[in-house]
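# A structural walkthrough
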Amino acid sequence: MNTKFEDLPEATGNMVYIRRVDMDSLPDEVREQAPGLDSLYAVHGIDGERLALVKDRDMAFFLARQNDLSPVSVH
């Protein structure tokens, strides 16, 4: 079933996705730089490329907005 929705925002080049990343899924060199943490937050471009890893969700959103990007949370 396809349902067309009007007035939804278009994905633009300035949209980024924020998601939680478990430390177990990251390379050893990254885990060594973040001792004591069980996760980091990744900022991804609309093409899926990881742009940044930061300590917490608030910092990820702050980073995106400081760079004129529109952050969206992904589960």
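These remarks concern the structure in this document. Per-chain numbering applies: the sequence of each chain, read as written, is numbered from 1 onward. Local features in a predicted model are, by the rule used here, given only for residues with pLDDT of at least 70; side-chain atom pairs are given and counted only at 80 or more, and totals for whole chains, interfaces and linings are based on all residues. Neither water nor hydrogens contribute to the side-chain values; these are computed over all heavy atoms in the structure.

### A word on the overall build of the protein
Strands here mean DSSP runs of E at least two residues long; helices mean DSSP runs of H or I at least four residues long; both are numbered from the N terminus. Within the protein one finds two helices and four strands. Counting helices and strands in the order they occur from the N terminus, the protein gives β-α-β-β-α-β. Residue contacts follow a heavy-atom distance rule, with two residues in contact if any of their heavy atoms lie within 4.5 Å. A separation of at least 24 residues holds for 41% of the contacts in the protein among residues at least 6 apart in sequence. The Shrake-Rupley method, run with a 1.4 Å probe, gives the accessible areas here. Residue values count only the displayed protein chains as cover. Within the structure as shown, the protein displays about 5800 Å² of accessible surface, and the carbon and sulfur contribution to it stands at 48%.

### A closer look at unusual backbone geometry
Apart from glycine, the bulk of residues carry a negative phi angle, and the bulk of peptide bonds sit in the trans form. Unlike most non-glycine residues, Asp68 shows phi in positive territory, near 55 degrees. Of note, Asp68 is situated in the loop between helix H2 (57–66) and strand E4 (70–73).

### So, the pattern of salt bridges
Salt bridge, as applied in this entry: a Lys or Arg side-chain nitrogen positioned within 4 Å of an Asp or Glu carboxyl oxygen. Applying the stated criterion across every chain, the model contains three salt bridges. Linking Asp22 and Arg20 is a salt bridge whose minimum nitrogen-to-oxygen distance equals 2.7 Å. Using a relative accessible area of 41% as the deciding quantity, one classes Asp22 as partly exposed. A simple rule labels every residue: compare its accessible area, found with a 1.4 Å probe on the protein chains alone, to the largest value its type can have, and call it buried under 20%, exposed over 50%, or partly exposed in between. Taking relative accessible area as the criterion, Arg20 reaches 40% and is therefore assigned partly exposed.

### Notes on the pairing of strand E1 (residues 15–22)
Here, strands pair whenever DSSP counts at least two bridges between them. Pairing of E1 with E4, which is carried by four bridges, proceeds in the parallel orientation. Across the sheet, the residue bridging to Val16 is Pro71, located in E4. In terms of strand pairing, E1 meets strand E2 (residues 39–45) through seven bridges, oriented antiparallel. Pairing of Asp22 across the sheet is with Ser39, part of E2.

### Some remarks on the environment of Val54
Note on placement: Val54 falls in strand E3 (residues 50–54). A residue is classified by how much of its surface remains accessible, and Val54, at 10% relative accessible area, is buried. For the pair Val54 and Ala34, spaced 20 residues apart in sequence, the C-alpha separation works out to 9.6 Å. Once residues within four sequence positions are removed from consideration, Val54 is found in contact with Leu40, Tyr41, Met59, Ala60 and Leu63.

### Comments concerning the sheet that holds E4
Across the sheet, four strands lie side by side as E3-E2-E1-E4; this open sheet has mixed pairing. This sheet does not close on itself; its edge strands, each paired only once, are E3 and E4. Shown here is a sheet whose adjacent strand axes are inclined to one another by a mean of 30 degrees, direction ignored. Its contacts with the sheet put H2 on E1, E2, E3 and E4, and the angle it makes with E4 is roughly 150 degrees. Here an angle of 0 to 180 degrees is reported between the N-to-C directions of two axes, which are lines fitted to C-alpha atoms, with helices fitted over the stretch in contact.

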